[in-house]
Amino acid sequence: MTPPAETDPTQLRSEIQRALDLRLDWFKQHYDIVSHHAMRPNGERVYLGDKAKRVCRYCGLAAPQVKFENLAHAIPDQVGNDWLFDHEECDDCNEHFAKQVEDDFAKWTLPWRTMGRIKGKRGIPSHKSNDKQFRIDANQNPAEDATGTNGERHHLKIHMGVNDSRHELDEATKTVKLTLERQPYVPMGVFKCLVKMAVAVMPPEEERRCAHLKKWILRPDHTFESYPYKPLGIIYQFVPGPLPNDQMNYWLLRRKPDRADDCLYMQFVLQLSNHVFQIALPMHVEDRKQLEAGTFQTDLWPNTWASVDHQLQYGRSGHKQFDMSGTEKVRGETTSMTFHYDQLIDGPDIVAPAAGTEPQAN
Ligand SMILES: [Zn+2]
């Protein structure tokens, strides 16, 4: 990240603008958007599929062989989806996804969702360390915290011992760097969860090409024997500063017909607050050439909320590629985030940076 103060603002502005234009141009040249939704608080609910049909898009079974009694979320409710539902997901598949893939995604993203104050089904998730000595809770009283700018903003309360090595306090810059533990998760499960979201929102002509993906995400285990496609990469982007945490965007992108050699066939992008998750769907038929050549290239889909002005004020977007090819549980992993805080309150063995503002990328 380049702190805005260190560079000439005019030059920085044109650099940020140029980076943004380049990304948008690249996607315009290579991909068509085949499915997109921008979900807002109090927005209208959208139901995918045909309620009268009662055939599950994943397992292919129909009522009464399978039941459709639960209202299935096309994108998990843990990331705040209260808008997008699916009539074509049976109760068995729904239960399978919750257990087998959404749980991994939930655990992998939890530190970011807590710090980004992204509300799920049960409110903003708290972060608790394994040794119970360190926890972060969001103050969920909107009457106290609403700023009126980006919907509800919530303060974070951070409880830990003053000597806890999981934080580094810098009183000069009023920042605190926190090292957060992730709960154990399976990388392949995280990746499959994004694939599941993509399949849910696919137009029928694309869904027909993805029988192999449906079969793969319905497996009761995570192995490469069932589908030996590698690597499973998630491109993760982070933009610092306050961005909407009560909205959600996704895009499903399909390669333009005349770009068959240049890029992978389909990409799915999920934008949540400060975070963008981007994957290429495993398509061994459409991407055979690229897979054989071992060349994967893509640009980064920009966080559409992080305007040039926003990045000038809060810092530029950064990214990281995660290899999610692992099939075993990852334990003891950490991620770190740096915050600005407004006020430091000393208590008995507690450091509580009250009203921590926005996390910075690390
Ligand atoms: Zn099903």
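Conventions used here
- Residues numbered from 1 in each chain as written.
- Predicted model: local features only at pLDDT ≥ 70, side-chain atom pairs only at ≥ 80, totals over all residues.
- Helix = DSSP H or I, 4+ residues; strand = E, 2+ residues; numbered from the N terminus.
- Contact = placed C-beta atoms within 7 Å.
- Pairing = 2+ DSSP bridges.
- pLDDT = per-residue confidence, 0-100.
- Core = buried A, V, L, I, M, F, W, Y, C linked by C-beta atoms within 7 Å.
- Buried ≥ 20, exposed ≤ 12 C-beta atoms within 10 Å, placed from the backbone.
- Axes fitted to C-alpha atoms, helices over the stretch in contact; angles between N-to-C directions.
- Expected span 1.5 Å × (residues − 1).
- Parallel < 35°, antiparallel > 145°, perpendicular 65-115°, else oblique.
- Left-handed = near helix turned anticlockwise from the far one by under 90°.

(A) View of the overall build of the protein. Tallying secondary structure elements over the protein gives eight helices and 18 strands in all. Long-range pairs, those at least 24 residues apart, make up 70% of the contacts in the protein with a sequence separation of at least 6.

(B) Main features of the pairing of strand β10 (residues 233-238). Two strands pair when backbone bridges link them, and β10 and strand β14 (residues 318-323) are joined in this way by six bridges, in the antiparallel orientation. Along β14, the bridge assignment pairs Q237 with H319. Note that β10 and strand β13 (residues 275-280) share four bridges and pair antiparallel. Directly across from I235, in β13, lies its bridge partner Q278.

(C) Spotlight on the confidence of the model for the protein. In this model, the protein carries an average pLDDT of 86, and 90% of its residues clear a pLDDT of 70 or more. No element of the protein has a lower mean pLDDT than strand β17 (residues 350-354), at 44, and none a higher one than helix α4 (residues 187-200), at 98. A low-confidence stretch, residues 143-151 stays under pLDDT 50, and its non-local contacts, those more than four residues away or across chains, total 14 contacts. Confidence drops under a pLDDT of 50 for residues 349-362, and excluding neighbours within four residues, the segment shows 53 contacts in the predicted structure.

(D) Focus on the nonpolar core. Within the largest apolar cluster, 63 residues are counted, with the highest numbers of intra-cluster contacts made by L194, M197, A198, F268 and L281. The set of elements that each furnish at least two residues to this core consists of α2 (91-115), β6 (135-138), β7 (156-159), α4, α6 (211-217), β11 (248-255), β12 (266-272) and β13. Sorting elements by how many residues they give to this core places α4 first, with ten residues. In this structure, A198 is in contact with L252, F268 and L281, ignoring residues within four places of it in sequence. By size, the runner-up hydrophobic cluster in this structure holds seven residues, among which are W112, V176, M337 and F339.

(E) Representation of the sheet that holds β14. Sheet architecture is open: six strands sit in the order β1-β11-β12-β13-β10-β14, paired in antiparallel fashion. On the outer flanks of this sheet lie β1 (31-39) and β14, each paired with one strand and no other. The average angle at which neighbouring strand axes cross in this sheet is 15°, direction not considered. In terms of strand pairing, β1 meets β11 through eight bridges, oriented antiparallel. Considered in β11, the bridge of D32 is made with R254.

(F) Spatial organisation of the environment of W112. The residue W112 is located in helix α2 in this model. Taking the C-alpha atoms as reference, W112 lies 10.0 Å from L272; in sequence the two are 160 residues apart.

(G) The sheet that holds strand β5 (residues 127-128), seen in detail. Here we have three strands laid out as an open sheet, ordered β5-β6-β7, and antiparallel in their pairing. This sheet does not close on itself; its edge strands, each paired only once, are β5 and β7. Of the strand pairs in this sheet, β5 and β6 are connected by two bridges, and their pairing is antiparallel. Its bridge partner being in β6, K128 is matched across the sheet by R135.

(H) Up close: the pairing of β11. In terms of burial, β11 is largely enclosed, as seven of its eight residues are buried. Two strands pair when backbone bridges link them, and β11 and β12 are joined in this way by seven bridges, in the antiparallel orientation. Bridge pairing in β12 links Y250 to L270.

(I) Structural detail: the environment of D342. For D342, the location among the structural elements is in the loop between β15 (334-340) and β16 (343-347). Using a count of 11 C-beta atoms within 10 Å as the deciding quantity, one classes D342 as exposed. Sequence separation between D342 and T175 is 167 residues, and the spatial gap between their C-alpha atoms is 9.0 Å.

(J) Representation of α4 within the structure. Taking 1.5 Å as the rise per residue, α4 with 14 residues should run 20 Å; its terminal C-alpha atoms sit 21 Å apart, in good agreement. The element α4 is extensively covered by neighbouring structure, given that 14 of its 14 residues are classed as buried.

(K) Quick look at the packing of α2 against α4. Running from amino to carboxyl end, α2 crosses α4 at an angle of 110°, the nearest separation of the two axes being 7 Å. The pairing of α2 with α4 is recorded here as roughly perpendicular in orientation. Crossing geometry of α2 relative to α4 is assigned as left-handed. Between α2, through F97, Q100, V101, E102, D104, F105 and W108, and α4, the contact on the second element is made entirely by G189, V190, K192, C193 and K196.

(L) Structural context of unusual backbone geometry. In this chain, A63 is followed by P64 through a cis amide linkage whose omega measures 5°. Here P64 is to be found in the loop between β2 (46-48) and β3 (72-73). One non-glycine residue, N42, lies in the positive phi region at around 60°. Mapped onto the secondary structure, N42 falls in the loop between β1 and β2. On the basis of neighbour count, N42 is assigned to the exposed category, with 7 C-beta atoms found within 10 Å. The backbone of K174 sits at a positive phi, close to 55°, despite the residue not being glycine. The residue K174 is located in the loop between β8 (167-170) and β9 (175-181) in this model.

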